[in-house]
Amino acid sequence: MPSRVLIIINSFFIIPIFTYALNHKEVSIYLIALQVLNLICTCSFDWISKAVLRFYEKYKLQNKLEEFFSTIFWLSAIVYTFALILYFLFKDILITKFAITNLIFVLTIVLVIPCGIRQTLYQILRINNEHWLYTLSIILYQFIFIAAFLGLVNIIHNAAAIIIAMTFAIITIDIYTTGKIHTKYKVQFVINKDIILETLKYSLPLVITNILYWLVLYLPNFIFQSTGSYMKTSVFGISFALVSNTIQPLAGLFSFVNYPVLIKNFEHNKKIKPYLTNSIQLYFFILFPIVLGFCFFSENIVKIVLPGDYSIAAFLMPFFAFKLFTHELLKLITIKFHLINKTYWEMLTAIFIISIFSFINLKYAGILPIIFVAIIMFLTELLLLIFNIFIKFKDADYINYKKVITTTALILAVACICAFAVKVFLQYDNVLISALSIVIYLVMSYGILYSFRKAVLI
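Residues numbered from 1 in each chain as written. Predicted model: local features only at pLDDT ≥ 70, side-chain atom pairs only at ≥ 80, totals over all residues. Heavy atoms only, no water.

Can you tell me about the overall build of the protein chain, naming the residues and giving the values?
Assigned secondary structure in the protein chain consists of 18 helices and zero strands. For a compact globule of 458 residues, the expected C-alpha radius of gyration is about 23 Å, and the protein chain comes in at 22 Å, within 12% of that figure. Along the first, second and third principal axes, the C-alpha atoms of the protein chain reach 65 × 55 × 45 Å. Per-residue burial for the protein chain yields a buried fraction of 55% across its 458 residues. For the protein chain, the proportion of contacts with a sequence separation of at least 24, taken over those separated by at least 6, is 85%. Accessible surface for the protein chain amounts to roughly 20,700 Å². Of this, 71% is attributable to carbon and sulfur atoms. Distance between charge centres in the protein chain, computed from 34 positive and 19 negative side chains, equals 6 Å. (Helix = DSSP H or I, 4+ residues; strand = E, 2+ residues; numbered from the N terminus. Rg over C-alpha atoms; globule rule 2.2 N^0.38 Å. Buried < 20%, exposed > 50% of the residue type's maximum accessible area, 1.4 Å probe, protein only. Contact = heavy atoms within 4.5 Å. Areas by Shrake-Rupley, 256 points an atom, 1.4 Å probe, with all protein chains shown as cover. Lys, Arg positive; Asp, Glu negative; His and termini not counted. Charge placed at Lys NZ, Arg CZ, Asp CG, Glu CD.)

How would you explain a nonpolar patch on the surface if you had to name every residue and give the values?
A cluster of nonpolar side chains, contributed by Phe-352, Ile-356, Leu-379, Leu-382, Leu-383, Ile-386, Phe-387 and Phe-390, occupies part of the molecular surface with about 750 Å² of accessible area. Going through the elements one at a time, helix 14 (344-364) and helix 15 (370-390) are the ones with two or more residues in the nonpolar patch. Within the fold, Ile-386 resides in helix 15. (Patch = residues over 30% accessible without salt bridge, like charges linked within 9 Å, V, L, I, M, F, W, Y side chains within 5 Å. Salt bridge = Lys/Arg side-chain N within 4 Å of Asp/Glu carboxyl O.)

With reference to specific residues and values, describe the pattern of salt bridges.
Applying the stated criterion across every chain yields a total of two salt bridges. Here Glu-381 and Lys-323 are joined by a salt bridge, their closest N and O atoms 2.1 Å apart. Taken together, the positions of Glu-381 in helix 15 and Lys-323 in helix 12 (residues 313-333) put the pair 58 residues apart, joining distant regions of the chain. For the pair shown, Glu-381 and Lys-323 are each scored as buried. A salt bridge links Glu-328 to Lys-331; the shortest N-O distance between them is 3.2 Å. With Glu-328 and Lys-331 both in helix 12 and three residues apart, the pair spans about one turn of that helix.

So what's going on with the packing of helix 8 (residues 193-226) against helix 12? Residues and values would help.
Orientation of helix 8 relative to helix 12, taken along the N-to-C sense of each, is 170 degrees, at an axis distance of 12 Å. If you check the angle between helix 8 and helix 12, you find them roughly antiparallel. Contact residues: Tyr-213, Val-216 and Leu-217 in helix 8; Lys-323, His-327 and Leu-330 in helix 12. Each residue belonging to the contact of helix 8 with helix 12 can be placed in one class, and the counts come to four nonpolar, one polar and one charged. (Axes fitted to C-alpha atoms, helices over the stretch in contact; angles between N-to-C directions. Parallel < 35°, antiparallel > 145°, perpendicular 65-115°, else oblique. Nonpolar A, V, L, I, M, F, W, Y, C, P; charged D, E, K, R; others polar.)

Before we move on, could you go through the packing of aromatic side chains and cite the residues and values that matter?
Overall, the coordinates contain 24 aromatic pairs when judged by the stated rule. Each member of the aromatic cluster is reached from another via a ring pair, and the members are Phe-98, Trp-214, Tyr-218, Phe-222, Phe-224, Phe-236, Phe-240 and Phe-320. (Phe/Tyr/Trp six-rings, centres within 6.5 Å; stacked < 30°, edge-to-face > 60°.)

Pulling in residues and values, what's your account of unusual backbone geometry?
Of note in this structure, Asn-63 is not a glycine but carries a positive phi near 60 degrees. Tracing the sequence through the fold places Asn-63 in the loop between helix 2 (24-61) and helix 3 (65-89). Judged by relative accessible area, Asn-63 falls into the exposed class, the value being 72%.

Summarise the nonpolar core; cite the residues concerned and give the values.
Judged by nonpolar contacts, the single largest core of 161 residues is most densely connected at Ile-247 and Leu-306. Here this core takes 18 residues from helix 2, the largest share from any one element. (Core = buried A, V, L, I, M, F, W, Y, C linked by side-chain atoms within 4.5 Å.)

Tell me what's going on with the state of the cysteines, and back it up with residues and numbers.
Two cysteines form a disulfide when their sulfur atoms are joined by a covalent bond. One pass over the full model with this rule turns up zero disulfides. Cys-295 provides the cysteine sulfur closest to Cys-416, a residue in no disulfide bond, and the two sulfurs are 9.3 Å apart. Not engaged in a disulfide, the cysteine Cys-418 finds its nearest cysteine sulfur in Cys-416; these two sulfurs lie 9.4 Å apart. (Disulfide = S-S within 2.5 Å.)

Would you mind going over the environment of Lys-193 in detail, with residue names and values included?
You can see Lys-193 is positioned in helix 8. Sequence separation of Lys-193 and Ala-169 is 24 residues, and the distance between their C-alpha atoms is 37 Å.

An account of the packing of helix 12 against helix 15 is requested, with residue identities and associated values reported.
What describes two packed helices is the angle between their axes and the distance between those same axes. The contact between helix 12 and helix 15 brings their axes to 9 Å, and the two run at 20 degrees. On the basis of the axis angle, helix 12 is roughly parallel to helix 15. For the crossing formed where helix 12 meets helix 15, the hand is left-handed. Contacts between helix 12 and helix 15 involve Phe-315, Leu-316, Phe-319, Phe-320, Phe-322, Lys-323, Thr-326, His-327, Leu-329, Leu-330 and Ile-333 on the former and, on the latter, Ile-370, Ile-371, Ala-374, Ile-375, Met-377, Phe-378, Glu-381, Leu-382, Leu-384, Leu-385, Asn-388 and Ile-389. Residues belonging to the contact of helix 12 with helix 15 are distributed by class as follows: 18 nonpolar, three polar and two charged. (Left-handed = near helix turned anticlockwise from the far one by under 90°.)

Account for the environment of Phe-322, with residues named and values stated.
Note that Phe-322 resides in helix 12. Note: C-alpha distance between Phe-322 and Ile-15 (307 residues apart in sequence) is 21 Å. Each residue touching Phe-322, except ones within four places of it in the same chain, is listed here: Phe-288, Val-291, Leu-292, Cys-295 and Phe-378.

How would you explain the side chain of Thr-277 if you had to name every residue and give the values?
Of note, Thr-277 is situated in helix 10 (residues 273-296). Here the side chain of Thr-277 touches Lys-273 through a polar contact of 2.8 Å, landing on its backbone oxygen. The residues contacting Thr-277, other than those within four sequence positions of it, are Tyr-398, Ile-399, Asn-400, Lys-403 and Val-404. (Polar contact = N/O pair within 3.5 Å; in protein donor to acceptor, adjacent residues only side chain to side chain.)

Kindly report on the environment of Ile-263, identifying the contributing residues and their values.
Structurally, Ile-263 can be placed in helix 9 (residues 230-267). In the structure, Ile-263 is positioned 72 residues away from Ile-191 in sequence and 24 Å away in space, judged by C-alpha atoms.

This is the structure:
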């Protein structure tokens, strides 16, 4: 939690610096480069690191961990090489269509390796429950990144300053974390066919699913960028980043913490329905007031942190907040597919819904007002959630939805009352009052919810 709170605080510090120090085109180039990096990691290291988490307990019980880690290492090397080849094949398109420079292209390639290493290291920290080392590494990364960017932006006045700062910070943290991790397993030249097949059966649907999820999150930015609408890309992307960096650090804790526990309980044949239900209730308890805060106080937030030419962000943020809240909730709902190793169900749902979304975006995103594009993103995520809730298995009934609905209704009522009270009593129009309104709303909401937590989390 401390590291996640720091990420949120830093976002409200560093994102305004980006928007004031760089013009719309440079901000858009940085956003596109970051999203390409995200896609490469999704296709390479993401699914492999999840397989490490999913099957660690199984192979530990079978006393095959050394063979498992060796197989995963060589699989990672093969996949990363293949991902780089694909990236080079699309180089000309990235440079000509999306304004990516040769320097940004090279920097993104370099950044992929430390990002991939970090993901695997963090999965090992999750398995070993080394939460303090994880927390410290995130905190150090945030400080190193900010310091490096502030030093470079005065020398390099473009998007490269951000990516170089990120690369330096991640490499530093990878070295630090590797030195702190104590493992008795050594990588050998061993590739176990059965482990490969089980990993691929579990992970390949995840690759397709995650690519489709990536399209929901980032396709509009690429459409805007390809038409030279750099201002649309920067406003849309920065609005999304500000909301994302507030919601996802907290929301991500739930899948981050719960996933290893649920897998361990599942492999040991323990009941998980009460645990997962309570986790989702707590997810609403912690996140829902913040999401509603983006609806009630989006104009206040924009006034505090963004330049005047980003004012339309106030209309985008509520839809992004609900979209990201739903996206992270979806990860908790779809844990059932991971536990019973039927991730292809999540993939099939994603193919059906996101194909329609992508068609609409490709046809209309370039001509529609960006607020409609944001609405389409949210509706897509909502449909994904609904469809995945209604896909049920007799051996995978892990959530008591009646309890979740009761919790949601109570939180919604408390948040609405608190927001109404704040808006009635604090109506002055200046930055200080805007910030104070948000703080008072959050303090009131969480204070009341905590006081009646036994009723809310029944």
